[in-house]
Amino acid sequence: MPEMQLLRPGHISALLAFEQENRAYFAASVPDRGDDYFARFDERLRGLLAEQEAGICYFHVLVGADGEVLGRINLMDVADGGAELGYRIAERAAGQGLATRAVRKLCHLAANSYGLTFLRAATTLDNAASRAVLARSGFAVVGERQLSGRPGLSYLRSLAATDSPGAAAGD
């Protein structure tokens, strides 16, 4: 499995390449980030790193053997023992179980390194792959919601410091 690393300034060029190479692929299932996102990428990354330093968010990249970014997996809006999970996997790495392994590992980190007790997530109804990853990783559907005007589902997963990185709760 690619190595999960906490986002740092040295990831900027590989992360930008990942976002640019997969832009159309991601836009098929989530709203496009727009041209301004890419034009101001360095500035945006500095802002994300400041949020990470403040403990508001934890951003991770999945780095392959050649230093390429194959995915992003993030914990956003950390507060009151919980956070919002978000992730993206490169098109060329999709369908190989990488997202499920990464989500499970991040759940372990969230409980054991960041002291979190629960995670929230959401996905659109038409994103079957993301729904499957969340289900396999121990997330339960807790409601419906709109995501950028599209119907979706909200998920929740409780965490315990003993959660292993290779298993979902209840496995």
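Above this text sits the structure in question.
These notes cover the structure that comes with them.

What counts and what doesn't
Residues numbered from 1 in each chain as written. Predicted model: local features only at pLDDT ≥ 70, side-chain atom pairs only at ≥ 80, totals over all residues. Heavy atoms only, no water. 1 Å grid on protein atoms, 1.4 Å probe; cavity = no way out; pocket = protein on both sides within 12 Å on 5 of 7 lines; lining within 4 Å. Points joined across faces, edges and corners; volume = space filled by probe spheres on them. Helix = DSSP H or I, 4+ residues; strand = E, 2+ residues; numbered from the N terminus. Nonpolar A, V, L, I, M, F, W, Y, C, P; charged D, E, K, R; others polar. Phe/Tyr/Trp six-rings, centres within 6.5 Å; stacked < 30°, edge-to-face > 60°. Buried < 20%, exposed > 50% of the residue type's maximum accessible area, 1.4 Å probe, protein only. Contact = heavy atoms within 4.5 Å. Salt bridge = Lys/Arg side-chain N within 4 Å of Asp/Glu carboxyl O.

**Looking at empty space enclosed by the protein**
This model, assessed by the stated rule, comprises two cavities of 30 Å³ or more. Within this model, the largest cavity holds a volume of roughly 50 Å³. Lining the largest cavity are Glu19, Arg23, Phe26, Ala27, Pro31, Asp32, Arg33, Phe38 and Arg88. Among the elements that line the lining of the largest cavity, the one with the most residues is helix H2 (residues 23-27), at three residues. Residue composition of the lining of the largest cavity, by class: four nonpolar, no polar and five charged. Lining of the second largest cavity is provided by Leu15, Tyr37, Phe41, Arg44, Leu45, Leu48 and Arg72. Per-element tally for the lining of the second largest cavity: the top contributor is helix H4 (residues 41-53), with four residues.

**Describing the packing of aromatic side chains**
Overall, the coordinates contain five aromatic pairs when judged by the stated rule. Taking 3.7 Å as the distance between ring centres and 5° as the angle between the ring planes, the aromatic pair formed by tyrosine 58 and tyrosine 114 counts as stacked. In this pair, tyrosine 58 sits in strand E2 (residues 58-63) while tyrosine 114 sits in the loop between helix H5 (98-112) and strand E5 (118-124), placing the two residues 56 residues apart along the sequence.

**A look at the side chain of histidine 11**
Structurally, histidine 11 is set in the loop between strand E1 (3-6) and helix H1 (12-21). The class of histidine 11 is buried, set by a relative accessible area of 5%. In this structure histidine 11 touches Gln5, Leu6, Val61 and Val63, once residues within four positions along its chain are discounted.

**Digging into the pattern of salt bridges**
According to the stated counting rule, one finds nine salt bridges in the structure shown. Here arginine 33 and glutamate 19 are joined by a salt bridge, their closest N and O atoms 3.0 Å apart. One end of the pair, arginine 33, is in the loop between H2 and helix H3 (35-39); the other, glutamate 19, is in helix H1, with 14 residues separating them in the sequence. You can call arginine 33 partly exposed: its relative accessible area is 31%. Here glutamate 19 and arginine 88 are joined by a salt bridge, their closest N and O atoms 3.6 Å apart. Of this pair, glutamate 19 sits in helix H1 while arginine 88 is found in strand E4 (residues 82-89), placing the two residues 69 residues apart along the sequence. Classification of glutamate 19 as buried rests on a relative accessible area of 1%. Connected via shared salt-bridge partners are Glu19, Arg33, Arg72 and Arg88.

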